[in-house]
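# Analysis of the macromolecular model
This is what each chain is made of:
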Amino acid sequence: MVVKVIELTTKLTEMGLKDLVIDSGSRTLNKVFTDQISIRRAALVGGIRTLGFPTITFPCEMTNDLLEETLIAATMVCKYAGIVVLSDLQGESLFPLLVQRMNIYTDPQRPMATSEGIYEINNPTENSPVLITSNFSLTYF
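In this text, all values refer to a predicted model and were calculated from it rather than measured experimentally.

So, about the pattern of salt bridges. Under the defined criterion, the tally for this structure stands at 3 salt bridges. Salt-bridge contacts for Arg27 lead to Asp23; the nearest nitrogen and oxygen are separated by 3.0 Å. Judged by relative accessible area, which is 26%, Arg27 ranks as partly exposed. For Arg27, the salt bridge goes to Glu61, with nearest N and O atoms at 2.6 Å. Separated by 34 residues along the polypeptide, Arg27 in the loop between α1 (2-14) and α2 (29-44) and Glu61 in the loop between β1 (56-57) and α3 (66-78) bring together distant segments of the chain. Taking relative accessible area as the criterion, Glu61 reaches 49% and is therefore assigned partly exposed. Through salt bridges with shared partners, a single network forms among Asp23, Arg27 and Glu61.

All right, on to the confidence of the model for the chain then. Per-residue confidence for the chain averages 88 on the pLDDT scale, and 89% of its residues sit at or above 70. Within the chain, helix α5 (residues 137-140) has the poorest average pLDDT of any element, 59, and β1 the best, 97.

Attention now moves to the environment of Arg49. Tracing the chain through its elements places Arg49 in the loop between α2 and β1. Classification of Arg49 by relative accessible area gives exposed; the value is 76%. Spatially, the C-alpha atoms of Arg49 and Ile6 are 9.2 Å apart, while their sequence positions differ by 43 residues.

Our next topic: the packing of α3 against helix α4 (residues 91-103). Two elements in contact, α3 and α4, have axes separated by 10 Å at closest approach and are oriented at 10 degrees. Taken together, the axes of α3 and α4 lie roughly parallel to each other. Between α3 and α4 lies a crossing of right-handed hand. For the pair α3 and α4, contact is made by Leu66, Thr70, Ala73, Ala74, Val77 and Cys78 and by Ser93, Leu97, Gln100 and Arg101, respectively. Looking at side-chain class alone, the contact of α3 with α4 contains 6 nonpolar, 3 polar and 1 charged residues.

Time to look at α4. Given a rise of 1.5 Å per residue, 13 residues ought to cover 18 Å, and the 18 Å separating the end C-alpha atoms of α4 matches this to within 8%. Every buried residue belonging to α4 is among Ser93, Leu97 and Val99, and all of these are buried. Seen from one end, α4 has its buried residues packed into an arc of 160 degrees, which puts them on one side. Considering only its buried residues, α4 is in contact with α3.

The rules we used
- Residues numbered from 1 in each chain as written.
- Predicted model: local features only at pLDDT ≥ 70, side-chain atom pairs only at ≥ 80, totals over all residues.
- Heavy atoms only, no water.
- Salt bridge = Lys/Arg side-chain N within 4 Å of Asp/Glu carboxyl O.
- Buried < 20%, exposed > 50% of the residue type's maximum accessible area, 1.4 Å probe, protein only.
- Helix = DSSP H or I, 4+ residues; strand = E, 2+ residues; numbered from the N terminus.
- pLDDT = per-residue confidence, 0-100.
- Axes fitted to C-alpha atoms, helices over the stretch in contact; angles between N-to-C directions.
- Parallel < 35°, antiparallel > 145°, perpendicular 65-115°, else oblique.
- Left-handed = near helix turned anticlockwise from the far one by under 90°.
- Contact = heavy atoms within 4.5 Å.
- Nonpolar A, V, L, I, M, F, W, Y, C, P; charged D, E, K, R; others polar.
- Expected span 1.5 Å × (residues − 1).
- Arc of directions from axis to C-beta.

What follows is the structure in C-alpha coordinates.
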(Lines give C-alpha, C1' and ligand atoms only; values in the text may rest on other atoms or scores of the structure.)
Protein backbone atom coordinates (compact mmCIF):
# COMPACT_ATOMS: atom_id res chain seq x y z
CA MET A 1 0.00 0.00 0.00
CA VAL A 2 2.81 2.42 0.86
CA VAL A 3 4.31 2.00 -2.61
CA LYS A 4 1.03 3.17 -4.16
CA VAL A 5 0.95 6.16 -1.80
CA ILE A 6 4.53 7.05 -2.79
CA GLU A 7 3.62 6.88 -6.49
CA LEU A 8 0.52 9.04 -5.97
CA THR A 9 2.17 11.70 -3.80
CA THR A 10 5.16 11.86 -6.17
CA LYS A 11 2.85 12.39 -9.13
CA LEU A 12 0.83 15.05 -7.28
CA THR A 13 3.91 16.97 -6.10
CA GLU A 14 5.34 16.87 -9.63
CA MET A 15 2.09 18.50 -10.77
CA GLY A 16 2.80 21.33 -8.33
CA LEU A 17 0.47 20.34 -5.49
CA LYS A 18 2.07 20.99 -2.12
CA ASP A 19 -0.87 20.95 0.33
CA LEU A 20 -1.61 17.24 0.60
CA VAL A 21 -2.99 14.93 3.25
CA ILE A 22 -2.21 11.22 2.99
CA ASP A 23 -4.90 8.57 3.41
CA SER A 24 -3.56 5.04 2.95
CA GLY A 25 -7.09 3.80 2.28
CA SER A 26 -6.95 1.14 4.99
CA ARG A 27 -9.91 0.81 7.34
CA THR A 28 -8.83 -1.87 9.83
CA LEU A 29 -6.89 -1.05 12.98
CA ASN A 30 -4.01 -3.41 12.23
CA LYS A 31 -3.54 -2.17 8.66
CA VAL A 32 -3.91 1.54 9.48
CA PHE A 33 -1.48 1.14 12.39
CA THR A 34 1.05 -0.55 10.10
CA ASP A 35 0.53 2.03 7.35
CA GLN A 36 1.01 4.95 9.74
CA ILE A 37 4.33 3.56 10.96
CA SER A 38 5.51 2.64 7.46
CA ILE A 39 4.65 6.05 6.03
CA ARG A 40 6.33 8.00 8.81
CA ARG A 41 9.38 5.71 8.90
CA ALA A 42 9.84 5.96 5.12
CA ALA A 43 9.62 9.75 5.30
CA LEU A 44 12.01 10.16 8.24
CA VAL A 45 14.43 7.24 8.03
CA GLY A 46 14.14 6.47 4.32
CA GLY A 47 14.22 10.11 3.25
CA ILE A 48 11.18 9.78 0.98
CA ARG A 49 10.09 13.40 0.99
CA THR A 50 6.80 12.75 -0.80
CA LEU A 51 5.60 10.92 2.34
CA GLY A 52 6.31 13.92 4.53
CA PHE A 53 2.72 15.15 4.42
CA PRO A 54 0.27 14.79 7.33
CA THR A 55 -1.87 11.68 7.41
CA ILE A 56 -5.59 11.28 7.99
CA THR A 57 -7.29 8.32 9.64
CA PHE A 58 -10.95 7.36 9.91
CA PRO A 59 -11.78 5.53 13.17
CA CYS A 60 -15.40 6.46 12.40
CA GLU A 61 -15.33 3.96 9.51
CA MET A 62 -13.72 1.14 11.50
CA THR A 63 -16.46 0.49 14.06
CA ASN A 64 -19.97 1.47 15.14
CA ASP A 65 -19.08 1.44 18.85
CA LEU A 66 -18.12 4.89 20.22
CA LEU A 67 -15.83 3.44 22.90
CA GLU A 68 -13.98 1.29 20.39
CA GLU A 69 -13.77 4.25 18.01
CA THR A 70 -12.22 6.34 20.80
CA LEU A 71 -9.65 3.62 21.52
CA ILE A 72 -8.76 3.39 17.83
CA ALA A 73 -8.46 7.19 17.71
CA ALA A 74 -6.14 7.11 20.74
CA THR A 75 -3.93 4.62 18.91
CA MET A 76 -3.86 6.86 15.85
CA VAL A 77 -2.97 9.94 17.91
CA CYS A 78 0.03 8.03 19.29
CA LYS A 79 1.01 6.73 15.87
CA TYR A 80 1.47 9.89 13.84
CA ALA A 81 -2.03 10.64 12.52
CA GLY A 82 -2.27 14.33 11.76
CA ILE A 83 -6.05 14.24 11.38
CA VAL A 84 -8.40 11.79 13.11
CA VAL A 85 -12.01 11.74 11.88
CA LEU A 86 -14.60 10.75 14.49
CA SER A 87 -18.30 10.02 14.05
CA ASP A 88 -19.29 12.06 17.10
CA LEU A 89 -17.69 14.72 19.29
CA GLN A 90 -19.03 13.66 22.67
CA GLY A 91 -17.05 15.03 25.58
CA GLU A 92 -16.37 11.66 27.19
CA SER A 93 -14.52 10.51 24.07
CA LEU A 94 -13.12 13.79 22.74
CA PHE A 95 -11.69 15.23 25.97
CA PRO A 96 -9.35 12.30 26.75
CA LEU A 97 -8.08 12.40 23.16
CA LEU A 98 -7.30 16.11 23.42
CA VAL A 99 -5.49 15.63 26.74
CA GLN A 100 -3.54 12.72 25.26
CA ARG A 101 -2.53 14.85 22.28
CA MET A 102 -1.40 17.71 24.51
CA ASN A 103 0.76 15.38 26.60
CA ILE A 104 2.67 13.76 23.73
CA TYR A 105 5.31 16.47 23.52
CA THR A 106 5.70 17.31 27.19
CA ASP A 107 9.12 16.99 28.77
CA PRO A 108 9.03 14.13 31.30
CA GLN A 109 11.68 15.97 33.35
CA ARG A 110 9.30 18.91 33.81
CA PRO A 111 5.85 17.68 34.82
CA MET A 112 2.97 19.91 33.82
CA ALA A 113 1.49 21.97 36.63
CA THR A 114 -1.43 24.33 36.85
CA SER A 115 -1.75 27.63 38.63
CA GLU A 116 -3.04 27.28 42.16
CA GLY A 117 -6.47 28.63 42.77
CA ILE A 118 -10.11 27.79 43.27
CA TYR A 119 -11.79 26.48 40.15
CA GLU A 120 -15.58 26.47 40.00
CA ILE A 121 -17.19 23.77 37.86
CA ASN A 122 -20.85 23.80 36.77
CA ASN A 123 -22.07 26.74 38.89
CA PRO A 124 -21.60 25.39 42.44
CA THR A 125 -23.84 26.39 45.35
CA GLU A 126 -23.10 26.48 49.08
CA ASN A 127 -24.20 22.80 49.23
CA SER A 128 -21.86 21.62 46.47
CA PRO A 129 -18.98 19.27 47.31
CA VAL A 130 -15.44 20.64 47.41
CA LEU A 131 -12.51 18.75 45.93
CA ILE A 132 -9.01 19.65 47.08
CA THR A 133 -6.04 18.53 44.95
CA SER A 134 -2.46 19.47 44.28
CA ASN A 135 -1.40 21.60 41.32
CA PHE A 136 -0.40 18.56 39.26
CA SER A 137 -2.04 18.85 35.85
CA LEU A 138 -3.64 15.40 35.80
CA THR A 139 -5.79 16.26 38.81
CA TYR A 140 -6.81 19.48 37.07
CA PHE A 141 -7.71 17.70 33.81
